[in-house]
Amino acid sequence: MQRSSPELEEEPAVEKWPIGVFASIDAGLGVQLPVARELGVPTIHLHTPKKESRTPQRAQEFLQQLKDFGLTITVVFAGFEGESYADIPTTARTVGLVPPDTREERKRELLEIADFAKMLGVDAVGLHVGFIPHDRNDPNYQAVKQALQEACDHCARQGQRIHLETGQETAEALLQFLEDVGRDNLFINFDPANMILYGTGDPIPALKKVGRYVRSVHCKDAKWAAQPGKEWGTEVPFGTGDVNAELFLRTLAEIGYDGPLTIEREIPQEPERQKAEIGHAIRVIQEIKQKIFGSSS
């Protein structure tokens, strides 16, 4: 399917590259909303709340809290029961829409999450789709493609996009999958650290290859494993790993990305360290923005 190059700006984007954080309410690894407020950021990516919290009443409560805190959600991220990132084989076996035994149930939940995002006024839903089979003729590849097509069509009727997070595929494989799904509301959430953590490619060349589809990003950093692709890399504070934070942001500028820079640091078991390292990432981003644009805002 021939696709026109999409606009690269993630909306709403009040300013070029507003800083955000990955946040949670009652589920996920992100910071709690009061911490996001304390950090002084204007935008968040929200890990979807637990199923019992995804109601119209709770949506209104969340919206009021967001208003009080001065926060705007730009992407709601789906997560599913039974997913585990313990190691690469476990991730491949349990994550996203790829595992056949849970696919239909998770697809239904993804649609419910999209409906909840709509209640929150959010027009983008993100997820890890999982380790897509390399063989395009594999029945599982075709089944995942169909499930995602159905989810995209549901979201399109509500004026929403789906953002697939990078990491489990090479840039080339991800591009091929996007083309095969063939939906104009399917885009990418680019996480450079995930390319390193999973050992699927150098994030900067990958970003250049998939740039026309990037609608949201995670500012996250990592160091390569001794055996990339066989064992996990190591997540580290943004600006201290192998991503090359300045080159990453300069490449975002090069491809024309204007949306939020959303910091993700997944150590909720150490909340003070998490907050401190996110604070460090904010300063790193502000310094790089100053170099690139002559302004930290």
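The structure displayed is predicted, hence computed values, not measured ones.

**Section: the packing of aromatic side chains**
All told, the structure shown has 7 aromatic pairs when counted by the stated rule. Both rings, one in Trp-17 and one in Phe-293, keep their centres 4.9 Å apart while their planes meet at 70 degrees; by these two values the pair is edge-to-face. One end of the pair, Trp-17, is in the segment before strand S1 (19–24); the other, Phe-293, is in helix H10 (residues 271–293), and 276 residues separate them in sequence. On the accessibility criterion, Trp-17 (0% relative accessible area) is buried. Note on Phe-22 and Phe-77: the rings are 5.5 Å apart at their centroids and 55 degrees apart in plane angle, and the pair reads as tilted.

**Remarks on the packing of helix H8 (residues 203–210) against helix H9 (residues 245–255)**
In contact at an axis separation of 10 Å, H8 and H9 are set at 10 degrees when each is read in the N-to-C sense. The angle between H8 and H9 falls in the class roughly parallel. You can see that H8 and H9 cross each other, and the crossing is right-handed. In contact with Ile-204, Leu-207 and Lys-208 of H8, H9 contributes Leu-247, Phe-248, Thr-251, Leu-252, Glu-254 and Ile-255.

**A word on the pairing of strand S8 (residues 214–219)**
Of all 6 residues that make up S8, 6 are buried, and the element is covered over most of its length. Examined bridge by bridge, strand S7 (residues 186–190) and S8 share 3 bridges and lie parallel to one another. By the bridge assignment, Asn-189 is partnered in S8 with Ser-216. Sheet topology places S8 next to strand S11 (residues 261–263); 3 bridges connect them, and they run parallel. Bridge pairing in S11 links Val-217 to Leu-261.

About the thresholds
- Residues numbered from 1 in each chain as written.
- Predicted model: local features only at pLDDT ≥ 70, side-chain atom pairs only at ≥ 80, totals over all residues.
- Heavy atoms only, no water.
- Phe/Tyr/Trp six-rings, centres within 6.5 Å; stacked < 30°, edge-to-face > 60°.
- Helix = DSSP H or I, 4+ residues; strand = E, 2+ residues; numbered from the N terminus.
- Buried < 20%, exposed > 50% of the residue type's maximum accessible area, 1.4 Å probe, protein only.
- Axes fitted to C-alpha atoms, helices over the stretch in contact; angles between N-to-C directions.
- Parallel < 35°, antiparallel > 145°, perpendicular 65-115°, else oblique.
- Left-handed = near helix turned anticlockwise from the far one by under 90°.
- Contact = heavy atoms within 4.5 Å.
- Pairing = 2+ DSSP bridges.

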